[in-house]
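Structure at a glance
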Amino acid sequence: MATPDAGLPGAEGAEPAPWAQLEAPVRLLLQALQAGPEGARRGLGVLRALGRRGWEPFDWGRLLEALCREEPVVQGPDGRLELKPLLLRLPQICQRNLMSLLMAVRPSLPESGLLSVLQIAQQDLAPDPDAWLRALGELLRRDLGVGTSMEGASPLSKKCQRQLQSLCRGLGPGGRRLKSPQSPDPEEEDNRDSQQPGKRRKESEEEAASPEGKRVPKRFRCWEEEDHEEERPEHKSLESLADGGGASPIKDQPVMGAKTGQDGSSLEDAKGLAESLELPKAIQDQLPRLQQLLKTLEEGLEGLEDAPPVELQLLHECSPSQMDLLCTQLQLPQLSDLGLLQLCTWLLALSPDLSLSNATVLTRSLFLGRILSLTSSASCLLTTAVTSFCAKYTYPVCRALLDPVLQAQGTGPAQTELLCCLVKAESLEPDAQVLMLGQILELPWKEEIFLVLQSLLERQVEMTPEKFSVLMEKLCKKGLAATTSMAYAKLMLTVMTKYQANITETQRLGLAMALEPNTTFLKKSLQAALKHLGP
């Protein structure tokens, strides 16, 4: 009878599994993810089985929150206690399968929870980080349109990139046209060798020269040779293309059968980079129709259908850089507020949804310049357009609108008023509120942020104790610098009244110290609210 795996529930003498205290569905899922390379497939099987047995829909938000929850664990030979999130306490094979499963079910995941998990995975300080986990995390970040992935960073290691480039050169025109990696046909190998008498002798010499006399598989031998030729000019140029070529926004261009010039640069790759600056032919052909469609929006909405025009489906064919080019050619920033609202209605009705990367580009083009140039209150049309777009594409709006506007030098009452309407919109889901709060907490606070944050917290955002601690720490630190700020005083009052049950004794003392130098007329109200918090 097989012995249970170490660390699994039921293993004699083994320590409790990290997930032992979690709810039954989560425990079953994480236990299934322990099953070696088949773990992700078994995890999907567990999810299907739970659905067939009448369980409640699987709560991904609760799982992601549990993965981020820190607990004290014993570390090192000296037995010191350290706080470590559950994600980093899982066995490596479980982490790999978990990331694979998250990729498979990503549309079902709350963005804020997934971003928190990816941030923890990225901050893992292990001395030898797992390359597979790094690649999976990089692909998930790319899918969300965040971090280095937006800049085109490859999820592959440098060595893997070189090996892939070598393979692609062999597969391309003029190369050896290698077959896909599979077991070679022995008869075909023998026939080929018999036609090349000197080949076996050469391979025998290579075999004798290899470490420990082990034979190197032929389909990998060229990759090993690649490792010893890193300084060759053509390898440097190809590697720079694979890395994105520095600051260029055009990334991930394929390297297939490239013809190399005398200077070692790849002519095929240069051609690919140039072509990426152009729109796909399908969109070029429809560009006049799209321009006419926008012109119709400017002339009035009579006769327009509610369903999105079929031409807008071509947006799915664009990369982020091509989407940026398309927005420029269509002059989207020049749309009237009425045309903007109708276009947003169509964009929100598209199926499938826009990628987060393309939604980020559209947010910047449609809203950012328009909002930064406001000198008076935004129109109802503009407010409706941005709040409806934010309800569906919260992260793109946070990244391309909320952060830039709050950090801009010219942010004034008009911009602040619109952002306050945005964060307290009834259409925002709780996950979206948490995501916005996280974005604001990362910014340096100033008067406009006090107002926006106070509007958001009026909604009684549900946050983890860790996030609430960050909020309280920043709030208390601002006391001495905001003694005359009414916006800061209102923010303090909102926190003390709406989140009274969350405030600890230590945080209450911090609020008392921050309140002491306050000179606004709300000081007495703040002192009264403080008395209700405790002794």
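Use the structure listed above.
Parameters at a glance
Counting of residues starts from 1 at the beginning of each chain's written sequence and follows it residue by residue. For this predicted model, a pLDDT threshold of at least 70 governs which residues receive local features, and a threshold of 80 or more governs which side-chain atom pairs are given and counted, while totals over whole chains, interfaces and linings are taken from all residues. To get the side-chain values, all heavy atoms of the structure are used, and hydrogens and water are removed first. Helix and strand definitions here come from DSSP, where helices need a minimum of 4 consecutive H or I residues and strands a minimum of 2 consecutive E residues; each element is numbered from the N-terminal end. Exposure is judged per residue with a 1.4 Å probe applied to protein chains only, and the accessible area is read against the type maximum: over 50% gives exposed, under 20% gives buried, and values in between give partly exposed. The contact rule is simple, with two residues in contact once any of their heavy atoms fall within 4.5 Å. Computed by Shrake-Rupley with a 1.4 Å probe, the accessible areas treat only the displayed protein chains as cover when residues are assessed. With axes taken as lines fitted to C-alpha atoms, and helix axes fitted only over the stretch in contact, angles between N-to-C directions fall between 0 and 180 degrees. The labels follow the angle: roughly parallel below 35 degrees, roughly antiparallel above 145, roughly perpendicular from 65 to 115, and oblique for the rest. Left-handed describes a crossing in which the near helix is turned anticlockwise from the far one by less than a right angle; the clockwise case is right-handed. Just so you know the grouping, Ala, Val, Leu, Ile, Met, Phe, Trp, Tyr, Cys and Pro go in nonpolar, Asp, Glu, Lys and Arg go in charged, and all remaining residues, Gly too, go in polar. The sign given to each residue is positive for Lys and Arg and negative for Asp and Glu; His and the chain ends receive no count. Here, a salt bridge means any Lys or Arg side-chain nitrogen found within 4 Å of an Asp or Glu carboxyl oxygen. What makes a nonpolar core is a set of buried Ala, Val, Leu, Ile, Met, Phe, Trp, Tyr and Cys residues whose side-chain atoms join them at distances within 4.5 Å. In this scheme Phe, Tyr and Trp rings, the latter by its six-membered ring, pair at centre separations within 6.5 Å, and the angle between planes marks the pair as stacked below 30 degrees, edge-to-face above 60, and tilted otherwise.

1. With respect to the overall build of the protein chain
- A tally of regular secondary structure across the protein chain gives 26 helices and two strands.
- Across the 535 residues of the protein chain, 43% fall into the buried class.
- Of the contacts formed within the protein chain by residues at least 6 apart in sequence, a portion of 68% connects residues at least 24 apart.
- As displayed, the protein chain has an accessible area near 29,200 Å², and 53% of this comes from carbon and sulfur atoms.

2. What to know about the packing of helix 21 (residues 430-441) against helix 23 (residues 465-477)
- It is the contact of helix 21 with helix 23, at a shortest axis distance of 11 Å, that shows an interaxial angle of 40°. On the basis of the axis angle, helix 21 is oblique to helix 23. Crossing of helix 21 against helix 23: the hand is left-handed. Together, Val434, Leu437, Gly438 and Leu441 of helix 21 and Lys467, Val470, Leu471 and Lys474 of helix 23 make up the contact between the two elements.
- Broken down by class, the residue content of the contact of helix 21 with helix 23 amounts to five nonpolar, one polar and two charged.

3. A look at the side chain of Asp403
- Following the sequence through the fold, Asp403 ends up in helix 19 (residues 394-407).
- No salt bridge forms around the buried Asp403; measuring N to O, its nearest opposite-charge neighbour Arg399 is 7.5 Å away.
- Excluding its chain neighbours within four sequence positions, the residues that come into contact with Asp403 are Cys398, Gln439 and Leu443.

4. Regarding unusual backbone geometry
- Put simply, Ser351 and Pro352 share a cis peptide bond, and its omega is 0°.
- Mapped onto the elements of the fold, Pro352 is located in the loop between helix 16 (337-349) and helix 17 (356-372).

5. Looking at the nonpolar core
- By size, the foremost hydrophobic cluster in this structure holds 129 residues, and its most contacted members are Trp60, Leu343, Phe367 and Trp445.
- Counting residues per element, this core draws most heavily on helix 17, at eight residues.
- Dropping the residues within four chain positions of it, Trp445 is found in contact with Ile440, Phe450, Leu453, Leu471, Lys474, Leu475, Lys478 and Leu491.

6. Overview of the packing of aromatic side chains
- Going through the model one piece at a time under the given rule, you end up with six aromatic pairs.
- Taking the centre distance of 4.7 Å and the plane angle of 65° together, the rings of Phe58 and Trp60 count as edge-to-face.
- For Phe58, a relative accessible area of 19% corresponds to the buried category.
- Residue class for Trp60 comes out buried when judged on its relative accessible area of 9%.
- What links up through ring pairs into an aromatic cluster is the set Phe367, Phe389 and Tyr393.

7. Section: the environment of Met323
- Looking at the secondary structure, you find Met323 in helix 15 (residues 320-330).
- The buried category is assigned to Met323, whose relative accessible area is 1%.
- Sequence-wise, Met323 and Leu279 are 44 residues apart; in three dimensions their C-alpha atoms are separated by 8.3 Å.
- Setting aside its immediate chain neighbours within four residues, Met323 contacts Leu315, Cys318, Asn358, Val361 and Leu362.

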